[in-house]
Every structure is written in C-alpha cells, then in structure tokens.
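Spelled out from the first residue to the last, the chains are:
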Amino acid sequence: MGMLSEGIGYFVLLGVGLVMALVVTLLVRAETKWLGTRKTFEWFYTAGRNVKTGLIATSVVSAWTWAATLLQSSTVAYQFGISGPFWYAAGASIQVVLFAILAIELKRKVPTSHTFPEVIYARFGRHAHKIFLFFALMTNTIVTAMLVLGGAAVVNSLTGVNIYVAAFLIPVGVIIYTLFGGLKATFFADYLNTTFIFVVILIFVTAVYFASPHIGGITGMFDKLAAASALRPVEGNSMGAYLTMASAGALVFGVINIVGNFGTVFVDQAYWQRAIAARPRSAISGFLVGGLAWFAIPFALATTLGLGAVAVGVSLTPEQIGMGLVAPAAASQLLGDIGAILLLTMLFTAVTSAGSAELVAVSSLVTYDVYRTYVKPSSTGRELLRVSRVAILGFGIGMGILATMLLQVGASLQYVYLAMGILIGSAVAPITIAVVWKKANKVAATSAALIGLALGVAAWLGSASVLYGEITVQSTGQQAPLLIGNVTAISVGALVSILGSLVKPENFNFEVMKQKILVVDDRIRSMIEHDTDEKFLKKSAQFSYRYAIALTLVLVVVWPLPLYFSGYVFSSFVYHVWIGIAVAWAAGAAGVVIVLPLVEARRGISVVLRRITTLSFSKDEPAPGAESLEHERRAQYDSRKILVAVDGSKDSLSALTYASYLYDEPTEVKIFLLNVIEWTDESDGSVDERLASEMEEEGKRMLRSVMIPKKIGRYERIVKLGDPATKIAETAEKLGVDMIVMGRKGLGGSHSDVGHVTAKVLQSTSRPVVLL
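Residues numbered from 1 in each chain as written. Predicted model: local features only at pLDDT ≥ 70, side-chain atom pairs only at ≥ 80, totals over all residues. Heavy atoms only, no water.

S.K.: Explanation requested: the overall build of the chain in the structure shown.
M.R.: When helices and strands are counted, the chain shows 32 helices and five strands. Computed over the C-alpha atoms, the radius of gyration of the chain is 30 Å, within 12% of the 28 Å expected from 2.2 N^0.38 for a compact globule of 772 residues. In terms of overall dimensions, the chain has a C-alpha envelope of 100 × 65 × 45 Å along the principal axes. Taking all 772 residues of the chain together, 59% fall into the buried category. For the chain, the proportion of contacts with a sequence separation of at least 24, taken over those separated by at least 6, is 84%. When the accessible surface of the chain is summed, it comes to about 29000 Å², and 64% of that surface belongs to carbon and sulfur atoms. Treating the 61 positive side-chain charges of the chain as one cloud and the 51 negative ones as another, the clouds have centres 5 Å apart. (Helix = DSSP H or I, 4+ residues; strand = E, 2+ residues; numbered from the N terminus. Rg over C-alpha atoms; globule rule 2.2 N^0.38 Å. Buried < 20%, exposed > 50% of the residue type's maximum accessible area, 1.4 Å probe, protein only. Contact = heavy atoms within 4.5 Å. Areas by Shrake-Rupley, 256 points an atom, 1.4 Å probe, with all protein chains shown as cover. Lys, Arg positive; Asp, Glu negative; His and termini not counted. Charge placed at Lys NZ, Arg CZ, Asp CG, Glu CD.)

In structure tokens:
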C-alpha cells in the first residue's frame, strides 16, 4: 500500500522509539533521585508493591492493547459489521475483569510472590512448576509474536519499510528503558501510551462521525452501511445487514475470542506482575477499571475505522485483511496522511509498551523460575539483577527473530491470534484453582494442562483434516477447526482439573505459602506486613467475585444475546444511540485513565516540579517526607553545624571530643556523626538489599556504642554506604556544615602523616577541615 514515505516509517521506528525511551528513563530517574526510591532487585520486578489504582488500570489497558486490539477489531468490523467490534471488546475485556478475583486472592494468600509459577512451585512442587513454566513462557512468546507481527506488517504496508527490518527495529526503544527501569519504567511507558491511544481514538471518532465529508455524520454512516449490505450482504448476518448483532460469524469469533483470551491473561506473567505490584487496596479496582476502560478501545476504534472502511468501499485482498490492514486503509482514506501517521504512531507505541510488559514478564520468569530455582538458589540480588538484564536483552533481540520465522511460514496476525487459545487455554483452570481453591489436587491440575493441550491440538488438526481434506496453514486457519480446538483445550483443562480434585481433594493450608516464598527487601517486606489486613482482603475478595462475575454476565450474555436471537437490524435511532454509547464510553475511559494516575501521584509530581524549578540536582538528595528531608530542612536553618567522621579509630574519637569544646553554648551547635562503610554505593541499582541492610545496622550499632560527650546537646547519627571520602564530602555539602572534623588517620593504619581517606577529603571538599 505504501501510503507514507519510508522516511516517516524509520522516523517512527527509531525517532519515536528513542524519544519514548528517553522520556521514560528520565521519569524513572526523577523518581529515584527526588522521591527517595531505591533501585533494588525487588523494586526492579515489583515496582515497590505500592502502585495505586490509576496506574494499575492504565498499565492493564496498555498491556492488553496489542497490535491485534487496534487492527483485528477493525478486521472483524469489516467482515461482520457492528457485531464484530462488540464481540472483540466484550470477549477480551471480561478476562481482565475476572482476573481481579485472582489479583485479590494472590494478595490474600501469597502476598510475597514474584511470579505465578513460583506460586505453583510452592503449592505443587518441582514437576508441576516446570510444566506451568513452559506454558508461561509459551504464552509470552505467542503474545510477543503477535505484537511484532502486527506492528511490522502495518509499518511495511503504510511506509514500505522492509517488514523484516521493522520486526527488528520495533523492540529497540523497549529494550533501552526496560533495561534501565524494570517494571516501573513499563508503568510509566504504559501511562504515556494509553494517554496517546485514547487521544488518537477520540480524534478518529470526532473526525469520522462529525467532520468527515466522506461519511456525512452518523446518519451518513448509517445510510452507507445500509447501502453496502444491499450490495454485498454479509453471509450469516440477519438480512445480510452490517447493522445487526445477529451475526453467526461474529458469534463464533466471539466464542474463540473469549476462550483464547483467557489464556493470554491468566497464563501471562505480565498480568500477575501487575497484581503483585499493586497495593492490596488497589488490586481489585485497578483490574475492574482497567478492563472496563480497555473495552472502549476496540469498541470505539473499530466501530469507527472498521465500519468506515465498509462505508467508503475500501477494497482489500484476503491476505491484506489477514495482516490486519483494514484500519490503516480506512484511516488513510478518511483522514489522509495525518490519519495514517496517527494510526502508525499509535500502533507503534502500543506494540512497544505491551512489548515492554512481555519483556519484564519473561525476564522475571527466567530470573526467578529458572536461574534462582534451578541454577543458583543462593544467588544474591546483584547476580539476579544481572541475569534479568541479560534476559531482557536476549528476549528483546529474539522478538525480531521470532517474527521473521512466523513470516517465513506464512502465519498472519489473525492466524496466531485465533490459534493461541488452543496452545495455552488448557492451563487456565489449573492455575486458577491453584490460587483460589484449597482442594485443588496436584496431579489433576498438572495432568489437566497437558491433556487439554494434547486434545486441543488433536481436535484442531483433526477437524481441519476432516472438514477440508488437508492440514495446512490455510485449512487450520478456518473458523470451524479453530473453534473446536479452542473449546476443547480450555474445557478439557477445566474438567480434568476440577473433577480430579473433587474425586481426590487436598486440604492445602495457604499459610504455608507465606513461609515458602520470601521477600529479601526489608522495607518492602515490612510494608507487605503492614498492608496485609486479612479482614479487609476477605471482604474485598467477596466483592470481586460478585462484581466481576456480574459484569461478565452483562457483557457477554445480558447485552448481546437478546439482540442476537431476536435477529434485530438497527434503525437509524438505535444506531445513533449505539454510536453515542461508544463515544461516551471512550471519553469517560480516557478521562479516568489519564486523570486518575495524576491525581494519585499529585504529591510526588509537585515535589519533582519543585526540584526542577529550583534546579536542585544533588546526587543523593533524599526522599521528601522521609526523615532525611526533615534533617535537611533543619540543616538549612541551623547557624552552626559540624560533621564529625567516625570510624571507631582513636583519632576519630578525639575529633568528636574536640568538636564538643568548639562552642561555649552546646545549643549553638549541631554535630552530625557520620560513619561510612566502604562498600558498593547505596544508590547503585545492583546493591544487594539484605546485605546492605545488615551493613547499615552494623554501622548504626558502632555509632550507638560511641560515648557522646555531655557538652554536645544536639547531635544526629548518620550511616552511609560507599567510598568514605566521597560520602564525607557529599554529606558535608548536602547538610551545609560549617566544618568537617576528622582524624588524621583512620583504621587503615597509613604510614604517612595523613591517611588516604583524609587526603582525598581535603582534595574533594570546599568546607574547612580540622584534623586531629
């Protein structure tokens, strides 16, 4: 199609990708620099486990917005009419809504978990762990393949950039910011991406329904769709109409969509990671709000571009339809180059942010469930962080290779999307009952996943052979074999795991999970203990069951089925109402996911803005609200401040005594006792949290053992990790002390008159230094 120049294609692939990487990296840097967040290994994968509702919802929307969401939804609108976008939206939002149940159950029963296979290992053991780890990695591989396949196909079709080059360039920006910021970087990217997607959707809806001369408003669209159904009746639709929910083809697609997408949520570590990162009070609301907000994206976008393509007579080959090119063609024809550029940029940002979620998911599986479980159980946080970054780099490069292989065998986005449930659907029920049901049987759950996979694939290939006489990409991509395979896989997995557990039930005590799965980071562990209110969590779990199931029934039964069985074809008035619902839903969802995270983060945002406006760029500035900020504020107003470096040596103790006699009135001076432990700098992202905590405590014990002269009225003990001379000079600058008092020599026992630390302090500070 080549609607845009190759230059625009490369600009989006490289320019937008690198700008996104730069912005996200700066946001992570701002949080760690000015809001006191420490980049530990635990933080890298859990974002501190304190993410609020708005950011969880936004992140869920972004992670669930694939290339398929933006492309496949318009394809089914083009094929089946108005029912296609609805079944795409409803059939893929209920899984996120229902996942709220698993999110709160995880917070109740395994609040310290990092991955869902880790939970399986703690409950079912090593053998089951390997099997479900296989399903987890297969899910991430399939999702990643769809992301890159869809993205590369659209970049190629719109700009002419080589499809294989596009497949390798798409992950570049993702790798950069994910390597640097881990899961928190993904959350920031998700927010930017979701904001952009909703803005573009609202532009498309406004332009097509209210401004496009090609369409003529909602009434013009209705007239054109009615005329199109008279010229090209839709097979299987009531009266061949595009404007009806009574579509056999859309209903079959809806069933395949529902079944397949249970696998790509419940078996995808990316969603478990968001549940783990959420605060307990945000877990349910984050997924419920996220699922309902996401509904608006395929519903509004495909009802606009997919039906718009029908209305203006866009003509595409079956191959182009299979590659998801309905939406790009419609955007280009209705809005010209601007429409094509907007869709291309939206698709690219969606692919990259969802790809980042998959990168972090795969990396966490490799790090926790492969390396720490089977390779080196005693590995430190620093080693695990190194392994995780290697995994991110390796899988990021592997994205392009995987997409190239699928393109070589002729697999399209549509084919992979519809076949995924057959491969991963059988694991949905076993994983679910492992988390929510104490009677779940280990053997039944594990065997159910494997039997369901085998029978699902057999039913898929067998039905393709029987119905079409051959097993090829063409025959296995037909709706009937895909429907049979998808339903077989998920239903066999559910039946075997549930019936097996009823026949031979276990009586598992979930309290054991909390003892088997530990959090190394002391601060995060204490925060989990503080936030885990069993009474609140139990009440929240009951709420999640009621509302998640009720919403599911409304979206896939109460709303669509009466319209299906009645065979009703929309009148102009009903079509106006339908479009009004789509527009209002999109606008409301946009408002929530854009504004709510800003409201929840308003304090941190104001702190960062203050720091930027005052140009306070000191390297180790502490967190606002923390005790160290109070110390800093006091330091600005104290008239006399002395920093005494104490390492326990005789000279350093003499320095403390000397400092106590410098002023006649003890209230006139505040003395800071600083002990620096020579080790990896505390701001280093690879620092081992447990070991660092132990060393800090050792430093505090040493300072507490030092006798404070009675003349010293006001004092404060400070412990730092890093290079002693650097930390002494930095702390003196930050506190604004009047002088530094320290021993000529420390515990190192230098043969010269002045020790090497003291010599370095003299060179690196502008403050007066008194040596004793």
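S.K.: Would you take a moment to explain the packing of helix α9 (residues 172-210) against helix α13 (residues 283-311) for this structure?
M.R.: Where α9 meets α13, the closest approach of the two axes is 10 Å, and the angle between their N-to-C directions is 35 degrees. Relative to α13, α9 is oriented so that their crossing is left-handed. In this structure, α9 uses I197, F198, I201, F204, V205, V208 and Y209 to contact α13, whose residues at the interface are A293, A296, I297, A300, L301, T303, T304, L305 and L307. Taken together, the residues of the contact of α9 with α13 break down into 14 nonpolar, two polar and no charged. (Axes fitted to C-alpha atoms, helices over the stretch in contact; angles between N-to-C directions. Left-handed = near helix turned anticlockwise from the far one by under 90°. Nonpolar A, V, L, I, M, F, W, Y, C, P; charged D, E, K, R; others polar.)

S.K.: I'm lost on the nonpolar core in this one. Help?
M.R.: Grouped burial of nonpolar side chains is what soluble globular proteins tend to show. With 213 residues, the main nonpolar core has W66 and Y575 as its most contacted residues. Here this core takes 23 residues from helix α15 (residues 326-375), the largest share from any one element. With residues near it in sequence (within four places) discarded, W66 still touches V143, M146, L147, N261, T264, Y271, A354, Y417 and M420. Judged by nonpolar contacts, the second largest core, of 21 residues, contains V644, A655, L673 and A692. (Core = buried A, V, L, I, M, F, W, Y, C linked by side-chain atoms within 4.5 Å.)

S.K.: It is not clear to me how the packing of helix α19 (residues 442-468) against helix α21 (residues 479-503) should be interpreted in this structure. Could you clarify?
M.R.: At a closest axis distance of 7 Å, the pairing of α19 and α21 adopts a crossing angle of 155 degrees. On the basis of the axis angle, α19 is roughly antiparallel to α21. By crossing handedness, the relation of α19 to α21 is classed as right-handed. A breakdown of the residues in the contact of α19 with α21 according to their chemical character gives 17 nonpolar, ten polar and no charged. (Parallel < 35°, antiparallel > 145°, perpendicular 65-115°, else oblique.)

S.K.: Any chance you could explain the packing of aromatic side chains here in plain terms?
M.R.: Two aromatic rings, taken as a pair, are described by how far apart their centres are and by the angle between their planes. Counted according to the given criterion, the structure contains 30 aromatic pairs. Judged by centre distance (6.1 Å) and plane angle (25 degrees), the ring pair of Y88 and F253 falls under stacked. In this pair, Y88 is assigned in helix α5 (residues 83-109) and F253 in helix α11 (residues 248-266), connecting sequence segments 165 residues apart. An aromatic cluster is present here, built from F86, W87, F295, F299, W559, Y568, F570, W578 and W585 joined pairwise through their rings. Here the guanidinium or amino end of K109 rests over the ring plane of F510, the centre of that ring lying 4.5 Å away. A cation over a ring is seen here: R281 above F536, with NZ or CZ 4.2 Å from the ring centre. (Phe/Tyr/Trp six-rings, centres within 6.5 Å; stacked < 30°, edge-to-face > 60°. Lys NZ or Arg CZ within 6 Å of the ring centre and 35° of its normal.)

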